[in-house]
Amino acid sequence: TAIGKDGPVVLAYGQGGLSNGNHTYLSTDLGDNNRPLDKFVCGNPKAVAGCKPVAELGATAVVLDNDKVVRRMPMFVQAPCVFDGGGTCAPANLNPLGFLAYRRLVLGPDSTGQADLQYAAEGATFGTAWSKPLPVDDFGVATIGWSGGPGYVKKGGQYLSFWDVYNNNFDRGKVDGKIVLIGIYGATAIHDEQLVAPAGANNDHVMNGIEIHANLIQMLNSPGQVKFVQPEPPVAVLLSILLICLLLGIVLPRLSAVFGLAATIGTAVVYTVAWIPASTILRVVPDFFHVWLAIGFTYAGLMAYRFLYEEREKRKVTTLFGQYLKPELVESMARKRSVEDVEVGGTRKELSLLFVDIRGFTHMSESMEPQDVLRVIDRYLDELTKVVFKWDGTLDKYVGDEIMAFWNAPHDHDNHALLALRCAWEMIARMPELNAALRADGLPEIKYGIGINTGPATIGIMGPERRRTYTALGDTVNTAARFCGHAGPTQILVGQTTYEECRDYVAVDLVPGVQLKGKSAEKFTIYRVTAIREEPGQPWATAPGLETYSEVGVYHQETMIGAGATVSMQTGGPTAGHTLLDTAEFQLPPEPAAPVG
């Protein structure tokens, strides 16, 4: 009845498959199911009797963005079959249903052919009705300037129940002189609903097609076309991505994965919120999808690179320090971000150096089979290296049967001298056990001497790139090696500084002045360790193979005396500084005339 008498009427041409055309979208569906209202179109063989040419077809096609959200509508759709007044069905260019209804409102009932929507590079034009073109892309697609989210029509009092209209139970003043859209509204789980950018009541983003076209009409009919919007230019999107990704690239490597994730989410939120006023002012719809995607990929990429980089650096650290430190320390150092974070490289600091060497091994090995020599060395190096690691020492190198280790690098030790001394003590204490194992394998027993010295040395990673090693250099190192060379079997010789730092824990004998090899005529104060204890005031402990001392022993300092001289002996504890218990004097015999020690 409306088509026949009241007009004007725009009928929906259902959306089929779409493909890009020349400034248009092509509808690829050819079946009649796309035109359920054909019988109301004059010229159609199925048209009702007495049909008048007051109805036309409008497209209902929408375009989904990459995130499956509707933000745009094609203003030109090439339909494969549209009936003309002569009953011929031929391809035709259709405009959106919302635009056709708006054109009828602007131009009056008989608006067909008076003004058409025209595509232009600067935007679509509609005669003289608009003060500026409607921004469209190369395919004639316009961005919808939303007036509201799902449900905004009903909330604004612009909704009537179709049942009330059918029963003529409504206020006709609400529709007089207005565009009336008829269709599914507020229903879900039907093909007509789409996800849209603005949120409605209860943060709902699902909107029916009828309300999408209502938004299009509101945009087209806005005074001065203030609701005409356009998508964010690709150049602006690219610049936003570059700027944000550069910022994240600077910040994220300095944060942990958790804080980096928080910073990434915060960046996305700030970017999104900042566009709310900007989009209103600039009339631009921001391209959130690609920027969010770039932010997410930047975080994922940086975290992946960081993981791979840190794994590579961890392998470097493990390779570099695995041969020097016990596994727990290597694992701790491997948690650093890079080798540079743990590289001491050429710094000078106080170290405690330990050298241990088998006495007479060169002569002994000459009478042994080569494989037996290797078996002895392997067992000896393995056992003593374990002791070094036990006491947090750093293994520097093996030189034949000599072991060099140091303390206070790369990790700091407040008591590095005492750690080195306790390590040496346990090496001597393990000698009987080591020899028992060698005897069980039919190998000869060994005895070794140890030298310890404390003082400044240069420590770092040295050598060419392919042959770098972590080592210590300096006079303190050489002196410790000389102490070791002078030490007899089972002896532990220490320097003055080492003794001073450990004097409350060790008992020593003063070794007469010794001229060390390569030290000109210099004299060094050297002590031989004879006993050790856990804490001051606790009982003394001796190691197997060392001379045994009781709690009351003799401390003596040797000096050159003449025959017949009177000697004073002080009886006390086994080290200088213990409480004096008794004093005695005795006369040396007159012979021999030569000085004696």
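Residues numbered from 1 in each chain as written. Predicted model: local features only at pLDDT ≥ 70, side-chain atom pairs only at ≥ 80, totals over all residues. Heavy atoms only, no water.

Enquirer: Where do I start with the overall build of the chain in this structure?
Expert: Along the chain, the regular secondary structure elements total 15 helices and 26 strands. Burial status across the chain gives 42% buried among its 597 residues. (Helix = DSSP H or I, 4+ residues; strand = E, 2+ residues; numbered from the N terminus. Buried < 20%, exposed > 50% of the residue type's maximum accessible area, 1.4 Å probe, protein only.)

Enquirer: So what exactly am I meant to see when it comes to the packing of aromatic side chains here?
Expert: Here a ring pair, both rings aromatic, is described through the centre-centre distance and the interplanar angle of the planes. Scanning the entire structure with this criterion turns up twelve aromatic pairs. Seen in terms of ring centroids, Tyr102 and Phe126 are 6.0 Å apart; in terms of plane orientation they differ by 55 degrees. Their pairing is tilted. Of this pair, Tyr102 sits in helix H2 (residues 97-107) while Phe126 sits in strand S10 (residues 125-126); the two residues are 24 residues apart in sequence, bridging distant segments of the chain. Its relative accessible area of 3% is what places Tyr102 among the buried residues. Judged by its relative accessible area of 2%, Phe126 falls in the buried class. Plain terms: the ring middles of Phe288 and Trp292 are 5.1 Å apart, the flat faces sit at 10 degrees to each other, and that makes the pair stacked. With Phe288 and Trp292 both in helix H8 (residues 288-321) and four residues apart, this pair spans about one turn of that helix. With a relative accessible area of 40%, Trp292 lands in the partly exposed category. (Phe/Tyr/Trp six-rings, centres within 6.5 Å; stacked < 30°, edge-to-face > 60°.)

Enquirer: How should I be thinking about the pairing of strand S1 (residues 9-13) in this particular structure?
Expert: Taken across its five residues, S1 has four buried, putting it largely inside the fold. Summarising the sheet, S1 and strand S4 (residues 55-59) pair through five bridges and their orientation is parallel. Each bridged residue has a counterpart across the sheet, and for Ala12 the counterpart in S4 is Gly58. (Pairing = 2+ DSSP bridges.)

Enquirer: Sorry, what's going on with helix H12 (residues 416-429) here?
Expert: Count 3.6 residues to each turn of an α-helix, and residues three or four apart come out pointing the same way. Relative to the 20 Å expected for 14 residues at 1.5 Å per residue, H12 spans 20 Å between its end C-alpha atoms, a close match to the ideal helical length. Burial analysis of H12 places 13 of its 14 residues in the buried class, the great majority of the element. (Expected span 1.5 Å × (residues − 1).)

Enquirer: Just to check I follow, could you spell out the sheet that holds strand S6 (residues 70-74) for this structure?
Expert: Strand pairing in a sheet is mediated by backbone hydrogen bonds. Such pairs are either parallel or antiparallel. Pairing is antiparallel across the open sheet formed by three strands, whose spatial order is S5-S6-S11. The open sheet has two edge strands with one neighbour each: strand S5 (63-64) and strand S11 (141-143). Relative to S6, S5 is paired through two bridges, and the arrangement is antiparallel. Paired with Leu64 across the bridge in S6 is Val70.

Enquirer: Quick question: what am I supposed to make of the environment of Gly260 here?
Expert: Along the polypeptide, Gly260 turns up in helix H7 (residues 257-282). Using a relative accessible area of 0% as the deciding quantity, one classes Gly260 as buried. A C-alpha to C-alpha distance of 7.6 Å links Gly260 and Tyr299, two positions 39 residues apart in sequence. For Gly260, the residues in contact, after removing those within four places along its chain, are Leu252, Leu255 and Tyr299. (Contact = heavy atoms within 4.5 Å.)

Enquirer: Explain the environment of Phe40 here, please?
Expert: As for its position among the elements, Phe40 is in the loop between strand S3 (25-27) and S4. Relative accessible area serves as the criterion here: at 29%, Phe40 is assigned to the partly exposed category.

Enquirer: I tried to follow the nonpolar core on my own but got confused; where do I start?
Expert: Side chains that are nonpolar tend, in soluble globular proteins, to be buried together. With 47 residues, the main nonpolar core has Tyr380, Met427 and Tyr448 as its most contacted residues. The element that contributes the greatest number of residues to this core is H12, accounting for ten residues. Core analysis: the second largest hydrophobic core is formed by 26 residues, Phe76, Tyr102, Ala124 and Trp130 among them. (Core = buried A, V, L, I, M, F, W, Y, C linked by side-chain atoms within 4.5 Å.)

Enquirer: Is there a simple way to think about the pattern of salt bridges in this case?
Expert: Side chains that differ in sign of charge can pair as their charged atoms come close. Applying the stated rule across the entire model yields 18 salt bridges. Between Asp412 and Lys349 there is a salt bridge, and its shortest N-O distance comes to 2.6 Å. Placement of the pair is Asp412 in the loop between strand S18 (402-407) and H12 and Lys349 in strand S16 (residues 347-358), with a sequence separation of 63 residues. Exposure remark for Asp412: the relative accessible area of 60% places this residue in the exposed category. The partner of Arg528 in a salt bridge is Asp509, and the shortest N-O contact between them spans 3.3 Å. On the criterion of sequence distance, the pair formed by Arg528 in strand S23 (residues 523-532) and Asp509 in strand S22 (residues 506-515) is long-range, its members being 19 residues apart. With relative accessibility at 16%, the residue Arg528 sits in the buried group. According to the relative accessible area criterion, Asp509 is buried, its value standing at 8%. In the salt-bridge network here, residues are joined through shared partners; they are Asp65, Asp67, Arg71, Arg72 and Asp137. (Salt bridge = Lys/Arg side-chain N within 4 Å of Asp/Glu carboxyl O.)

Enquirer: Where do I start with H2 in this structure?
Expert: Counting buried positions along H2 yields eight of eleven residues, so the element is predominantly enclosed. Every buried residue of H2 is listed here: Leu97, Gly98, Phe99, Leu100, Ala101, Tyr102, Arg103 and Arg104. In the stretch just after H2, Gly108 is the one whose phi turns positive, near 100 degrees.

Enquirer: So what exactly am I meant to see when it comes to a nonpolar patch on the surface here?
Expert: Judged by side-chain polarity, Phe162, Trp163, Tyr166, Val180 and Ile182 come together as a nonpolar surface patch covering roughly 660 Å² of accessible area. When its relative accessible area of 58% is taken as the criterion, Trp163 is described as exposed. (Patch = residues over 30% accessible without salt bridge, like charges linked within 9 Å, V, L, I, M, F, W, Y side chains within 5 Å. Areas by Shrake-Rupley, 256 points an atom, 1.4 Å probe, with all protein chains shown as cover.)

Enquirer: Sorry if this is basic, but what is going on with unusual backbone geometry here?
Expert: When glycine is set aside, most residues are seen to have a negative phi, and most peptide bonds are trans. Here the bond from Ala409 into Pro410 is cis, since omega is 0 degrees, no more than 30 degrees from zero. If you trace the backbone, Pro410 turns up in the loop between S18 and H12. Within the chain, Thr490 stands out as a residue other than glycine whose phi angle is a positive 70 degrees. Within the secondary structure, Thr490 is located in the loop between helix H14 (475-486) and strand S21 (492-495).

Enquirer: What is the right way to read the side chain of Glu402 from this model?
Expert: Among the structural elements, Glu402 can be located in strand S18. Buried Glu402, no salt bridge; nearest opposite-charge side chain is Arg359, N-O distance 6.5 Å. With near-sequence residues (within four places) excluded, Glu402 lies in contact with Phe355, Val356, Asp357 and Lys397. (Lys, Arg positive; Asp, Glu negative; His and termini not counted.)

Enquirer: Sorry if this is basic, but what is going on with the packing of helix H11 (residues 370-390) against H12 here?
Expert: Between two packed helices, both the angle of their axes relative to each other and the distance between the axes serve to describe the pair. Two elements in contact, H11 and H12, have axes whose closest approach is 9 Å; the angle formed by their N-to-C orientations is 150 degrees. In terms of orientation, H11 and H12 fall into the roughly antiparallel class. You can see that H11 and H12 cross each other, and the crossing is right-handed. Counting all contacts with H11, which are made through Leu384, Val387, Val388 and Lys390, the residues of H12 involved are Cys423, Glu426 and Met427. A per-class count over the contact of H11 with H12 returns five nonpolar, no polar and two charged. (Axes fitted to C-alpha atoms, helices over the stretch in contact; angles between N-to-C directions. Parallel < 35°, antiparallel > 145°, perpendicular 65-115°, else oblique. Left-handed = near helix turned anticlockwise from the far one by under 90°. Nonpolar A, V, L, I, M, F, W, Y, C, P; charged D, E, K, R; others polar.)

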